[in-house]
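Reading the structure
Here are the chains, one letter per residue:
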Amino acid sequence: MCGIIGFTGYLNSAEVLLQGLSELEYRGYDSAGIACLRDGKVEIIKEVGKVSSLHAKVPADFTSSCGIGHTRWATHGGVTEVNAHPHRYGKVTLIHNGIIENYHELAEELAKGGRFPVSETDTEIAALLLDSLYTGDAYAAIKEACNHLEGAYGFCIMFDDQPEVIYCIRKGSPLVATHTDEGSVIASDMVALLRYSKDYFVLPEFHIAKMTKDAIIVTDFEGNIVNPEIMTVTWDTTAAQKNGYKHFMAKEIHEQPEALRRTIMPRIVKHAEGSELGGLSLPDFTADNIPDSLFKDVSRIIITACGTAMHAGMMGKILFERLLRKPVTVDIASEFRYEDPILDENTLVITVSQSGETADTLAALRLARENGARTLSIVNVKGSSIARESDYVFYTHAGPEIAVASTKAYTAQLSAFYMIAFRFAYVLGKITAKECSDYMEGLLDVIPSIEEVLKQEDDVEAISHHLVKAENLFFIGRSLDYALTWEGSIKLKEITYIHSEAYAAGELKHGTLSLITDGTPVIALATQSHVLSKTLSNVKEVRARGAFVICVTTKDAVIEPTLCDFRIDIPRTDDIFAPFSAAVILQMIAYHTASLRGLDVDQPRNLAKSVTVE
Ligand code: F6R
C-alpha cells in the first residue's frame, strides 16, 4: 500500500526516484509524485495516475542529487493531484506509507495554531505537525511527532534548512535501506534497491535513519547508534523484470516450477543407505531452526492470514487434520484480531503472508504472542515484520512477486503446508518414515506436473474466450477442491472484474442454485477421487439448469462427455497433490480472461499489493 523511496547521493535523484517508483508501483497506482532539491529549493511534481504519467511530466533536464518519491494507494481523500504525495508545509516535505488514525484530532489542534491543510489526506497533517515541532533539531521533532501520531507509518522527511539530508522513521509500514558509493537509498521494498545493491537492512521501528550522500546513520530514540543486521537477497534485478512476458502475472505463473524447487529442495534430506532411515527423503527443518518439539503438546492449531494466503491456509487445515489429527481452524486475520480467540501455550498460531507486512496478519500474530501462543509464520519476504516477530519462520523462496494477483507465492505457501504436515505427522508418529518419504516424493512430482500443465496454456486461453462476456461465475468443488475454489474465485474477481463465488459443490442446492440460469459459467473442480461421484452429481444439477460447465479434473477420471462443455485435464497424482496443478489452471483462466478483456492484469483497479493498512 503506497510505495515510497528516498535518495541522496551522486546520481540524478529524479531518475532514481522515477525508476524506483515504477518498481514500487504494484503497491499503489492512483497517483505519484516526487520532491527534489534543486538549486537549494524543494521542487514538487505530482500527477494523478500511473508513474508513467508522472514521468512524462518531469522535464528531461530535471536534475537533482536528493529527493523523495511516492506512488499512492488512496485511503484518505480522493484520487487528485492535491492529495498526491509528497506533502509540504513550512520547512517540511514528506512522503508517507500507512494511515494516521488520529489525523482528525491532530488537525483540530494544529488549526488552533493557524496551521491548515490544503489536501484531504491524513499525511499532510503529519507535515503540519512536524513543522510545528521543528526548531532545527530533526531528531527532537520526529521523536515528539511520534508521541502524537497514532496508526501506522513509514515516513521520508526533508527539512528545508538541511539540504541533501533525508530523515526516515517507521512504525508498522516497511522501510528497507542500503548505502553504496553512489549514495543512500531507502524504499518500501527491496525491489527498488536491487539495482544499487543486494545488501540491505530493515529500518527498525521507532529508529531514525539520517541519510546523507556518504552514510546512513540509524539511531534509537535515546540517540544511541544502532547497526541493523545486513541482509542479502539471492535474486538479481532480472527477478523483478518481465523478461519477455507481456505481464508479470504471466511470468510468475510460469516461474512456479522454479519457485517450488527453491522452496522444497533445500528442505529435503536424503538419508544415506545403511542408516536407520536409509534411502528415505524426509523434510527437515533444522536449517530453518524449527524444532521438532514445536507441535509437541499442541492441542489446537489456528491458521490466520488474508486473501490468497488465507486460502493456502484452508488447504493446510485439511492436510493437518488428515495427517496430524489435530483440530485446526482458519481465521481471516482482520476478524481474528478483533475477536477474543482462545489462545494458550498449547495453541500454535500459523500466520501466512507473501509480503510479511500485511497489517491485519501482523496484528493477529502480535495478539497470538501476547496471549502466550506459539507462533510460526510462512513468509516470502526475508526480514519482513511478520518473519521477524514470529517465534519460528518458514520462508517460501518464491522470489519477488510483482503482479498484484498472487500466483507463485500461493503454490509455494501450499508446499510449505504440505512439508510441515508431512514432517510433523512423522515426528508425532502418525505416519511412518517411509510414508513421509513417499509423500515428499509425491510433492516433488508436483513440479513436472505443473510443467506439463503450463504446456496446456493455449487450450486454456481458447476456453477463456467463452468467459470474456460473463457477468457472474461459480466455482464449485469438494474437499481440497473446495479449498481451491476460493483461490480460483479471488483470482478471477480481482483481475477480470467478473463477479464470482466459491461454493462447496454440495451446498449449491441450499439456495444458490437459483442463480444458475441458461449459460451461467460454472467451473467445477473434480480432482478428488473420494468425492468424485458426489461432485459429478452436483455438476449434473447445474447442467440441468443450463450452466456452461468447465470441468477441471484428472486425466483418468471417467466423466460423461455431455456433462461439461470443456474438460481440462491435469496429470494424475495422489489426490492430495492435485491442488497444485489445478491452481495453475485456474490462474491461467483468470489471466487469459482478464487479458482478453483488455484489462490491466498486473495492476487491477482499486487494489495494491502488500496491504499495510487495516
Ligand atoms: C490476491 C492477493 C491478496 C493477498 C493478501 C495477503 O491475489 O494477492 O489476497 O494474498 O493481500 O497478502 P500477503 O500474503 O502479502 O499477506
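Everything below is about the structure shown above.
Residues numbered from 1 in each chain as written. Predicted model: local features only at pLDDT ≥ 70, side-chain atom pairs only at ≥ 80, totals over all residues. Heavy atoms only, no water.

**Details of the sheet that holds strand β3 (residues 41-48)**
Read from one edge of the open sheet, 8 strands run β3-β2-β4-β1-β10-β9-β11-β15, paired in antiparallel fashion. The open sheet has two edge strands, β3 and β15 (231-232), and neither has a second partner. Where strand β1 (residues 3-9) meets strand β4 (residues 66-72), 6 bridges bridge the pair, whose relative direction is antiparallel. Residue pairing in the sheet places Ile-4 in a bridge with His-70 of β4. (Pairing = 2+ DSSP bridges. Helix = DSSP H or I, 4+ residues; strand = E, 2+ residues; numbered from the N terminus.)

**Quick notes on the pairing of strand β10 (residues 183-187)**
Among the 5 residues that make up β10, 5 are buried, leaving the element largely enclosed by the rest of the structure. Of the two faces of β10, the one carrying Gly-183, Val-185 and Ala-187 and the one carrying Ser-184 and Ile-186 are both buried. Two elements, β1 and β10, share 5 bridges in a ladder whose sense is antiparallel. Bridging across to β10, Gly-9 finds its partner in Gly-183. The pairing of strand β9 (residues 176-180) with β10 spans 5 bridges and is antiparallel. (Buried < 20%, exposed > 50% of the residue type's maximum accessible area, 1.4 Å probe, protein only.)

**Some remarks on the site of the ligand**
The environment of the ligand is made up of 15 residues, and the closest members are Ser-353, Gln-354, Ser-355, Thr-358 and Glu-494. Contact between the ligand and Thr-308: an oxygen atom at 3.1 Å from a main-chain N or O atom of the residue. At a separation of 2.4 Å, an oxygen atom of the ligand approaches a polar side-chain atom of Thr-358. Relative to its free-state accessible area of 410 Å², the ligand is covered by the protein chains to the extent of 89%. Here the shell around the ligand is composed, by residue class, of 6 nonpolar, 7 polar and 2 charged. (Near = heavy atom within 4 Å. Polar contact = N/O pair within 3.5 Å; in protein donor to acceptor, adjacent residues only side chain to side chain. Areas by Shrake-Rupley, 256 points an atom, 1.4 Å probe, with all protein chains shown as cover. Nonpolar A, V, L, I, M, F, W, Y, C, P; charged D, E, K, R; others polar.)

**Looking at the sheet that holds strand β27 (residues 566-570)**
The 5 strands lie next to each other as β24-β23-β25-β26-β27, forming an open sheet whose pairing is parallel. If you trace the sheet from one side to the other, it starts and ends with β24 (499-504) and β27, each paired once. On average, each strand axis in the sheet is inclined to that of its neighbour by 15°, with strand direction left out of account. Here strand β23 (residues 472-477) pairs with strand β25 (residues 521-526) via 3 bridges, running parallel. If you follow Ile-476 over to β25, its bridge partner there is Ala-524. On top of the sheet, helix α15 (residues 480-496) reaches β23, β24 and β25; it is set at about 175° to β24, its chief contact. (Axes fitted to C-alpha atoms, helices over the stretch in contact; angles between N-to-C directions. Contact = heavy atoms within 4.5 Å.)

None of this, on its own, says anything about what the molecule does.
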